[in-house]
Structure formats: C-alpha cells, structure tokens
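The primary structure of each chain is shown beneath.
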Amino acid sequence: MIRRTTFSRLAGAGAAVAALSLALAACSSSSGADSGSDSGSGDIALGYTATLTGDFASYGLEMREGVDLAVEQLNAAGGIDGKQVSIVSADDEGSPANGPVVAQQFCDDSSIAAVLGYSFSSVALAALPVYDQCGLPVVASAVTSPELTGASDVFFRDVFTDAYQGAEMGKHVYEGGVKKIAVLYQQDDYGQGVADSFTEAFEEAGGTVTSSQAYQLGAVDFATAINTALADSPDGIFIGGFYTEAAAIAQQLRTSGSELPIFGTDGAVSPDLTALGGDAVEGMTVYSAFTAAAGTPASADFVEAFTAKYDKAPSSWAALAYDATNVVAKAITDAGSTDRAAVAKALPATDGFEGVTGDISFDDGGDRLGQLIFLKVEDGEFVAE
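Description of the structure in this document. As a convention, each chain's residues are numbered from 1 in the sequence order in which they are written. Local features in this predicted model are restricted to residues whose pLDDT is 70 or higher, and side-chain atom pairs enter the listing and the counts only when it is 80 or higher, whereas totals over whole chains, interfaces and linings include all residues. Each side-chain value is worked out from all heavy atoms of the structure, with water and hydrogens disregarded.

Another point: the overall build of the protein. Secondary structure elements follow DSSP: runs of H or I no shorter than four residues count as helices, runs of E no shorter than two count as strands, and numbering proceeds from the N terminus. When helices and strands are counted, the protein shows eleven helices and 17 strands. When contacts within the protein are restricted to residue pairs at least 6 apart in sequence, those whose partners lie at least 24 apart make up 70%. Entry remark: accessible area of the protein is about 14,700 Å², with carbon and sulfur atoms responsible for 50%. Between two residues, a contact is recorded if the distance between any of their heavy atoms is within 4.5 Å. Surface accessibility follows the Shrake-Rupley procedure with a 1.4 Å probe radius. Residue values consider only the protein chains on display as shielding.

Structure below.
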C-alpha cells in the first residue's frame, strides 16, 4: 500500500501540526519518470519506504517519526524554495521481492524528487537497479551492508557500514578489557558481515574469539548455542543481530547463571530491546551514530522538538532519518531544482552538514564518514559510555 502524507504549515513556533494521510492504490503515473516535478507549483514529494509491519517494524516506524518531524519543521519554515514537502510512503514488508515493486512505483511518480528510509539492506539492493534506471536518488538511514558501498551513483546513506561499525566495536571491546569472547550472529548478510568485521578487528587487537555460531532470525531457543559459547570460558558475549533475538539470548544467558558482559550492534538499538529483555539487557553495550545526550546545539534542539511531539526520547533511527530528510532538502536547495539528476549530483557534495547525529559527509561510495558512539543500557535507557 502506498500512502501520501501532506503536512500543513505551522501557525507559529511550537504549534501542533496536523498530518493528513490519504491511502492511494498506487503512486501517480507519469511519462516523465526520469525527472522530478519542477513545474513551479504543487508539493515537493519525497518517497519513504521501510518495513512498517511485522516483527521488525520498529526501525521503519522510528525512522518515519524522524522524517515526519523534519518535514513539519521544513514546512513551518516555508518549505523548500517556497514549496511544501509531502511524503509518499510504502511498506516493503522486509521482502526483497517488494524492493523493485516499490521502487518502480516511486520512479513512476514524477513528483518524487528523492527517496528516504529502508530497514533492510537486501530490500535496498534489490531496488537499486530500478532507481538507477530512472535516476531517482536515495538517502537511506538503516541499511549497513558493505555490498551497498558504491553499488549505485544515486545511492547514499547517513548510517555507518557494518564493516566500519563491526571493526570499531571489536577494538572497543578489546580495549575495554575483554580478551576472550564468544560470538553469536544471525545467519544473514547483516549478521555475518558485522560478525566478520568484529572478529577480524578483535583478533588483530590481540583478542581470541573462543567460538562463533550462527542462528536463524525468529529463533527462540538458544540453550545449545549458549552452552557451547560458555564451554570455552569467554570473558564476554558478542551478539551480531537484531533486538528480538538479542533480548532472548540475553535473557537465556542470565537464566543459565552467567553474568558475562554482553555486547551488541546497532541492530539492537531499539526501545524494544529493553522492553523484551528487561533486566537481562542491563549493562549491555551497543553502538550507534546518535545519543540523545550528545549535547550539541543541533541534537539538543532535535531532542526537545521530538520529545514535545512524541512524548518520548528519540531513537538513533529517528535521528538518522531526520538528518537524511534535511540532507535531501539541502541538496534540492543547492541544486535549485527537484530534477532528479540535479539532486543526485548535489548529494555527493554534502560535506560537513551539521546533523543531529554529527557532521555528515559522503565518500566516493556514497557511505557516510564520521564517528561511532558506544552506548550502554542503564535503567532501561541507552546512555553514552
């Protein structure tokens, strides 16, 4: 289902903004699919797609909150070059088969100047050939596979890659005093990639990986894997996977009587980790591109506005999507046009953009440059170490 959302202009600072969502059977079609609308009238549309239903909807729904806040603020300030911004949304259901379908619908809607979102790298990878064909630029916020690096001239992301994040975590864990570690990872490109990068960096630093085991997404019984991991007397456990399984592993590890420190990935950075894991995930260390406690003027303003709108603190996924929306808005402004080719050309020039997740620049492969943040779960909240 494709949904188009428009945002009314705010009456004044701090005023509430109403959002109107109209369900459409499909995006509007146009013979000019290779170019965004630049007619001088109407909205500037941005596509948004992610996994919005099912077990892993958390990432997509949290990103959408960041997108919506950014769009409301843009429209309150007069929009982009005087045009209001709207969102055309699609649930890809986490299925790679849906990637090209949604991408084609976005390509066929000539009002869409760029696309935001994506929960899973496999869906984004499947969609890229379609975006290449129509020249529609994408700035993603939650897909981390190294396979996406340089995969398309129109693809960019403001989240760090698994290769970078896994390596940084490996060094961080070793430098924190853990010399032997057991690795558990979900059996897919994400889990395998981050586990490999973590292992390589941890061993290069001088550490020993005592065991490395894969598990399936959706698994609920980790007793055998935990017993195997503990048999080699590691100093800690690294879980390369999403929050659902990470929470279950943590609970079963604690039930086994082990108090070993637990380390995870950005895939575990969700309020659902603590909701599902409870006391078992207390003290767990993960990594991210954002913390609400960053303390920069940009992040402080964002946290205040987000909390006022949603009555909760923002997640890293909301912050990354908020930044991606504003990066796209700047690219459209710099291009002086919503023409897709012009926007795609403006995006690589992003250099030191002051986002709420820190300064944003892109390398030649469309990947973000910057600094990772390490977080620890304390009293059910993610706080900077």
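Before going further, it helps to spend a moment on the pattern of salt bridges. By salt bridge we mean one thing: a side-chain nitrogen of Lys or Arg within 4 Å of a carboxyl oxygen of Asp or Glu. Counted under the stated rule, the structure contains seven salt bridges. For K309, the salt bridge is made with E72, and the minimal N-O distance between the two is 3.0 Å. Of this pair, K309 sits in helix α9 (residues 297-310) while E72 sits in helix α1 (residues 57-76); the two residues are 237 residues apart in sequence, bridging distant segments of the chain. We classify K309 as partly exposed; its relative accessible area is 34%. Burial classification: accessible surface area is computed with a 1.4 Å probe over protein chains only, and a residue below 20% of its type maximum counts as buried, one above 50% as exposed, and the rest as partly exposed.

What follows covers the side chain of T144. The residue T144 is located in the loop between β6 (138-140) and β7 (155-157) in this model. Judged by relative accessible area, T144 falls into the buried class, the value being 2%. Polar contact is defined as a pair of N or O atoms within 3.5 Å, subject to the rule that within protein one atom must be able to donate a hydrogen and the other to accept it, and that residues adjacent in sequence are counted only when both atoms are side-chain atoms. A polar side-chain atom of T144 sits 2.4 Å from a polar atom in the side chain of D162. If we skip the residues at most four places from it in the chain, T144 touches S121, R157, V159, F160, T161, D162, Q165, Y190 and D266.

Below, the discussion takes up the sheet that holds strand β14 (residues 358-362). Here a strand pair is declared whenever DSSP counts at least two bridges between the two strands. Strand order in the open sheet formed by three strands is β13-β14-β15, and the pairing between neighbours is antiparallel. Here the strands that pair on one side only, and so sit at the sheet edges, are β13 (353-355) and β15 (368-369). Strand direction decides the pairing type here: β14 and β15, joined by two bridges, are antiparallel. Note on β15: the bridge partner recorded for S361 is L369.

Right, let's get into the nonpolar core. Note that soluble globular proteins tend to have their nonpolar side chains buried in a common cluster. Ranked by internal contacts, the top residues of the largest apolar core, which has 110 residues, are F106, Y118, Y131, I181, L273 and M284. The greatest single-element share of this core, amounting to nine residues, is contributed by helix α10 (residues 316-335). The residues touching Y131, leaving out its near neighbours within four places in the chain, are A103, F106, C107, V115, Y118, L136, V138 and V154. Listed in part, the eleven residues of the second largest apolar core include L69, A70, V303 and Y322. Nonpolar core, defined: a set of buried Ala, Val, Leu, Ile, Met, Phe, Trp, Tyr and Cys residues in which side-chain atoms within 4.5 Å join the residues together.

Now for the packing of α1 against α10. Interaxial angles span 0 to 180 degrees and are taken between N-to-C directions of axes, which are lines fitted to C-alpha atoms, for helices over the stretch in contact. Viewed as axis vectors pointing N to C, α1 and α10 meet at an angle of 40°, and their least axial separation amounts to 7 Å. The orientation of α1 relative to α10 falls into the category oblique. For the crossing formed where α1 meets α10, the hand is right-handed. Touching Y59, E62, M63, G66, V67, L69, A70, V71, Q73 and L74 of α1 are W317, A318, A321, Y322, T325, N326 and A329, all from α10. When an angle is under 35 degrees it counts as roughly parallel; over 145 it counts as roughly antiparallel; between 65 and 115 it counts as roughly perpendicular; any other value is oblique. Throughout, a crossing is termed right-handed when the near helix is turned clockwise from the far one, and left-handed when it is turned anticlockwise from it by less than a right angle.

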